[in-house]
Amino acid sequence: WVLSAVCTLQLWGGWYKAGVPIARLSYNAHEKLLGPDHEETLISVGNLGNLLSEMGDNEGAEPLQRRALEARERTLGPDHPHTLGSLWSLATLLRDKGDHEGAEPLFRRELEACERTKGPDHEDTLSSVNNLGHLLGIKGDYEGAVKFFRRELEACERTKGPDHEDTLTTK
């Protein structure tokens, strides 16, 4: 746990290069002590993947993010919050490395799961709506992007009011 916390602090602090050996040590220790599918091991896998991604090593990060997602889907189920976090991490990584076709189904799966488990107006759902809108805009599907941005705006107006900061920044 301590190694995971140190790794997370280094990720937040921007000490990426220094964090990689600690993240690898944490990952290896958790896997050896707790097993490959234990949640602490998967947290370490995700931390190492996030760290590598932040350093621009998306090729090194992608297999780790895929491993975390696959294990969480298998052990926690497709709608568990940690699984959704792994979906988001992998989708974001793929988007950032330019694999928009690979990112889109993951963002859509995340949105569908959020709608199912949290409802259409929950902040996490609206964040997923926004992520998908941005991805569609990047892909040049402006009509699709506007549809999602409009949905986010209407939900913010309905749930928070027209003058709320979140509503105003959505417009």
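As a starting point, this report considers the structure included with it. (Residues numbered from 1 in each chain as written. Predicted model: local features only at pLDDT ≥ 70, side-chain atom pairs only at ≥ 80, totals over all residues. Heavy atoms only, no water.)

### A few points about helix α8 (residues 142–160)
Each full turn of the α-helix corresponds to 3.6 residues, which orients residues three or four apart in the same direction. Rule in force here: Secondary structure follows DSSP: runs of H or I at least 4 residues long count as helices, runs of E at least 2 residues long count as strands, and numbering of each begins at the N terminus. Multiply 1.5 Å by the residue count of a helix minus one, and that product is the helix's expected span. Only protein chains enter the area calculation, which uses a 1.4 Å probe; residues under 20% of their type maximum are buried, those over 50% are exposed, and those in between are partly exposed.
Its 19 residues give α8 an end-to-end C-alpha distance of 26 Å, which sits within 8% of 27 Å, the value for a rise of 1.5 Å per residue. Within α8, burial applies to G144, A145, F148, E152, L153, A155 and C156. Positive backbone phi, approximately 95°, marks G161, located one or two places after α8.

### Here's the deal with the environment of E31
Rules: Residue contacts follow a heavy-atom distance rule, with two residues in contact if any of their heavy atoms lie within 4.5 Å.
Take E31: it is sitting in helix α2 (residues 16–34). The exposure class assigned to E31 is partly exposed, which follows from its relative accessible area of 28%. Distance from E31 to T41, taken between C-alpha atoms, is 5.5 Å for residues ten residues apart in sequence. Here E31 is in contact with P36, T41 and R67, once residues within four sequence places are set aside.

### Notes on the packing of helix α3 (residues 39–54) against helix α4 (residues 58–75)
Rules: Helix axes are fitted to C-alpha atoms over the stretch in contact, other axes to C-alpha atoms as well, and angles between N-to-C directions run from 0 to 180 degrees. For classification purposes, an angle smaller than 35 degrees is called roughly parallel, one larger than 145 roughly antiparallel, one from 65 to 115 roughly perpendicular, and anything else oblique. A clockwise turn of the near helix away from the far one marks a right-handed crossing, whereas an anticlockwise turn of less than a right angle marks a left-handed crossing. Amino acids outside the nonpolar list (Ala, Val, Leu, Ile, Met, Phe, Trp, Tyr, Cys, Pro) and the charged list (Asp, Glu, Lys, Arg) are all regarded as polar, and Gly is one of them.
Their axes nearest at 8 Å, the elements α3 and α4 cross at an angle of 155°. The angle between the axes of α3 and α4 places the two elements in the roughly antiparallel class. Crossing angle aside, the handedness with which α3 passes α4 is left-handed. Two secondary-structure elements touch here, α3 through E39, T41, L42, I43, V45, G46, L48, G49, N50, L52 and S53 and α4 through N58, G60, A61, L64, Q65, R67, A68, A71 and R72. Broken down by class, the residue content of the contact of α3 with α4 amounts to nine nonpolar, eight polar and three charged.

### Comments concerning the pattern of salt bridges
As a reminder of what qualifies: The term salt bridge refers to a pairing of a side-chain nitrogen on Lys or Arg with a carboxyl oxygen on Asp or Glu at a separation within 4 Å.
Going through the model one piece at a time under the given rule, you end up with 16 salt bridges. With a closest N to O distance of 2.7 Å, E115 and R151 form a salt bridge. Of this pair, E115 sits in helix α6 (residues 100–118) while R151 sits in helix α8, and the two are 36 residues apart along the sequence. For E115, a relative accessible area of 29% translates into the label partly exposed. Owing to a relative accessible area of 24%, R151 belongs among the partly exposed residues under this scheme. Put simply, D121 and R158 hold a salt bridge, and the shortest N to O gap is 2.7 Å. A residue pair is termed long-range when its members are at least 10 positions apart, and D121 in the loop between α6 and α7 (123–139) and R158 in helix α8 qualify at 37 residues.

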